[in-house]
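# Structural overview
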Amino acid sequence: TAQTEERSKLLANRSAAHAKLGDYEAALADAEEAARLQPDWPKAWARKGKALTCLQRHKAAASAYARGLEMALTLMQKNDERHERELEALQKQAKTASDSYMALLGETE
């Protein structure tokens, strides 16, 4: 839901603020909750990776970053597919409009 997405965004931003202040445990807690709420959002995983890196938990950080990268690639693929469908629809509309216009010109000549 939109409310869940907004909460996840707020938690991820607060995680970044905690990390900037050096409170890496709080940063990790917020990042983990953001990722739990919105597991397909790459930024939540990046925030988790950052907090884990700062806590010197490099193996777990690498895993979080990898999950974020996986989510980012999935989103890019979905966006590419959506854009392709939109382009096809626009091309069909343009062809129909063009055909109608040409027919109209043909009728008036």
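Residue indices begin from 1 for each chain and proceed along its sequence in written order. This being a predicted model, a pLDDT of at least 70 is required before a residue's local features are given, and a value of 80 or more before pairs of side-chain atoms are given or counted; all residues contribute to the totals for chains, interfaces and linings. Only hydrogens and water are removed before side-chain values are computed, so all heavy atoms of the structure are retained for them.

## Considerations on the overall build of the protein
Secondary structure elements follow DSSP: runs of H or I of four or more residues count as helices, runs of E of two or more count as strands, with numbering from the N terminus. Scanning the protein from terminus to terminus reveals 4 helices and 0 strands. Its helices and strands in sequence order give the protein the pattern α-α-α-α, from N to C terminus. Radius of gyration (C-alpha) of the protein: 23 Å, far over the 13 Å computed for a compact globule of 109 residues. Throughout this description, buried means an accessible area under 20% of the type-specific maximum (1.4 Å probe, protein chains only), exposed means over 50%, and partly exposed covers the range between. Each of the 109 residues in the protein was classed as buried or not, and the buried ones make up 23%. Put simply, of all contacts in the protein between residues at least 6 apart along the chain, 46% involve residues at least 24 apart. For every accessible area listed, the method is Shrake-Rupley and the probe measures 1.4 Å; residues are considered covered only by the protein chains on display. Accessible surface computed for the protein: about 7,800 Å², of which carbon and sulfur atoms make up 56%. Within the protein, one finds 17 positive and 17 negative side-chain charges whose respective centroids are separated by 10 Å. C-alpha atoms define the radius of gyration in this analysis, and the globule rule sets the expected value at 2.2 Å times the number of residues to the power 0.38. Should any heavy atoms of two residues lie within 4.5 Å, those residues are considered in contact. Only four residue types enter the tally: Lys and Arg on the positive side, Asp and Glu on the negative side, with His and both chain ends excluded. Lysine's charge is taken at NZ, arginine's at CZ, aspartate's at CG and glutamate's at CD.

## A short note on the pattern of salt bridges
We count a salt bridge whenever a side-chain nitrogen from Lys or Arg sits within 4 Å of a carboxyl oxygen from Asp or Glu. For the coordinates displayed, the defined rule picks out 5 salt bridges. The salt bridge involving arginine 36 is made with glutamate 33; its shortest N-O contact spans 2.7 Å. Here glutamate 33 and arginine 36 lie together in helix α2 (residues 24-37), a separation of 3 residues that amounts to about one turn. Using a relative accessible area of 25% as the deciding quantity, one classes glutamate 33 as partly exposed.

## Quick word on a negative patch on the surface
Each patch groups residues whose relative accessible area exceeds 30% and which form no salt bridge, using 9 Å between like charges and 5 Å between nonpolar side chains of Val, Leu, Ile, Met, Phe, Trp and Tyr. Taken together, the side chains of Asp80, Glu81, Glu84 and Glu88 define an acidic patch exposed on the protein surface. By secondary structure assignment, the location of glutamate 88 is in helix α4 (residues 58-108). Glutamate 88 sits in the partly exposed class, given a relative accessible area of 40%.

## What about the confidence of the model for the protein?
Averaged over the protein, the pLDDT score is 92; the fraction of residues at 70 or greater is 97%. Note: pLDDT gives the predictor's confidence per residue, expressed from 0 to 100. Mean pLDDT values for the elements of the protein range from 87 in α4 up to 98 in α2.

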